[in-house]
Amino acid sequence: MSELEDRFAEAVAAIGGVLKRHGFRKKRYVWTRVGDGIVHEIDVQRSHGNSAGSVRFYVNARAYVAEFDRAIGRAVPDDLTRANAQFETRFEEVSDWPTDRVDVERDADALGTALPAAIEQVAAYLDGITDAPSLARTLLDNGYVLDDDLFAWHCATGRSSEAAAQFAAARERFGDEDRWPRLAALFDETAEKYGVPLP
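Residues numbered from 1 in each chain as written. Predicted model: local features only at pLDDT ≥ 70, side-chain atom pairs only at ≥ 80, totals over all residues. Heavy atoms only, no water.

1. Concerning the overall build of the protein
The helix and strand tally for the protein stands at seven helices and six strands. When its helices and strands are written in sequence order, the protein yields α-β-β-β-β-α-β-β-α-α-α-α-α. With respect to the principal axes defined by its C-alpha atoms, the protein has extents near 60 × 40 × 25 Å. Relative to its full complement of 199 residues, the protein shows a buried share of 45%. Taking contacts inside the protein between residues at least 6 apart in sequence as the whole, the part at least 24 apart equals 55%. Of the accessible surface of the protein, which amounts to about 10,500 Å², a share of 46% is contributed by carbon and sulfur atoms. (Helix = DSSP H or I, 4+ residues; strand = E, 2+ residues; numbered from the N terminus. Buried < 20%, exposed > 50% of the residue type's maximum accessible area, 1.4 Å probe, protein only. Contact = heavy atoms within 4.5 Å. Areas by Shrake-Rupley, 256 points an atom, 1.4 Å probe, with all protein chains shown as cover.)

Printed below as a string of structure tokens:
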């Protein structure tokens, strides 16, 4: 094994050490934590541009909440780890890690310090997703204003003011684009299905 691969293994071990303390179980480069109808997942994704002289990787975080899918009429699999995550982000978006990837050579000094600290922050962020309402807030906080499922959940659970706010935010952000009439029609269709008025 090369020195760079040794550093990659060191980084993976550091990540795993943090996540094990938070109740995650590891399978290759994927760590999963399953709760009561909730799945939190963190994985390491090696860069396609890696070579003998360069090893880089990304860290992704995901969450799935069965209650959210049930509310919008979507089937929930018996094995929740096979469900499609409703929320996904890169770890630098929810931690203090300064770049969009980890370079095991450039970041060698951080692999045992700043990297585990960033993973702690990611785990803490996922800790905040405990049910469908907290998932919905997380989606909105991360700019998911065009998310059809989020809008359907607002409508299906009687949150008409939140549905209207999501629609208004989407119109503010994307209303000048050529595709807006098509997007607006999708909002209208879902709102009509649940009897929710839109502004």
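On we go.
2. Brief notes about the layout of surface pockets
Here the largest pocket is characterised by a volume of approximately 210 Å³. Contributing to the lining of the largest pocket are Arg25, Lys26, Lys27, Val30, Thr32, Arg33, Val34, Glu41 and Thr81. Counting only elements with at least two residues in the lining of the largest pocket, the list comes to strand E1 (25-27) and strand E2 (30-34). Grouping the constituent residues of the lining of the largest pocket by class yields two nonpolar, two polar and five charged. The calculated volume of the second largest pocket comes to roughly 160 Å³. What lines the second largest pocket is Ile72, Asp148, Asp149, Ala152, Leu186, Glu189, Thr190, Lys193 and Tyr194. Where the lining of the second largest pocket is concerned, the elements lending two or more residues are helix H5 (148-156) and helix H7 (180-194). Broken down by element, the lining of the second largest pocket gets its largest block of residues, five residues, from H7. (1 Å grid on protein atoms, 1.4 Å probe; cavity = no way out; pocket = protein on both sides within 12 Å on 5 of 7 lines; lining within 4 Å. Points joined across faces, edges and corners; volume = space filled by probe spheres on them. Nonpolar A, V, L, I, M, F, W, Y, C, P; charged D, E, K, R; others polar.)

3. Looking at H7
Spanning 15 residues, H7 covers 21 Å between terminal C-alpha atoms, matching the ideal 21 Å at 1.5 Å per step. If you check which residues of H7 are buried, you get Trp180, Leu183, Ala184, Phe187, Thr190 and Ala191. With its buried residues spanning 125 degrees around the axis, H7 presents them on a single face. Opposite the packed face of H7, turned more than 90 degrees from it, sit the exposed residues Pro181, Arg182, Glu189, Glu192 and Lys193. Looking at the buried residues of H7, the elements they touch are H5 and helix H6 (160-174). Two residues or fewer past H7, Gly195 is found with a positive phi of approximately 70 degrees. (Expected span 1.5 Å × (residues − 1). Arc of directions from axis to C-beta.)

4. Things to note about the side chain of Gln166
With respect to the helices and strands, Gln166 occurs in helix H6. According to the relative accessible area criterion, Gln166 is buried, its value standing at 1%.

5. A short note on the nonpolar core
Ranked by size, the top nonpolar core spans 42 residues in total, and within it Ile15, Phe57, Phe68, Phe91 and Leu115 carry the most contacts. Among the secondary structure elements, those contributing two or more residues to this core are helix H1 (3-21), strand E3 (38-46), strand E4 (56-65), helix H3 (114-127), helix H4 (132-141) and H5. At seven residues, the largest contribution of residues to this core is made by H1. With residues near it in sequence (within four places) discarded, Phe91 still touches Val59, Trp97, Val102, Leu115, Ala118, Ile119 and Val122. Core analysis: the next-biggest nonpolar cluster, separate from the first, contains 13 residues, Cys155, Phe167, Ala170 and Ala191 among them. (Core = buried A, V, L, I, M, F, W, Y, C linked by side-chain atoms within 4.5 Å.)

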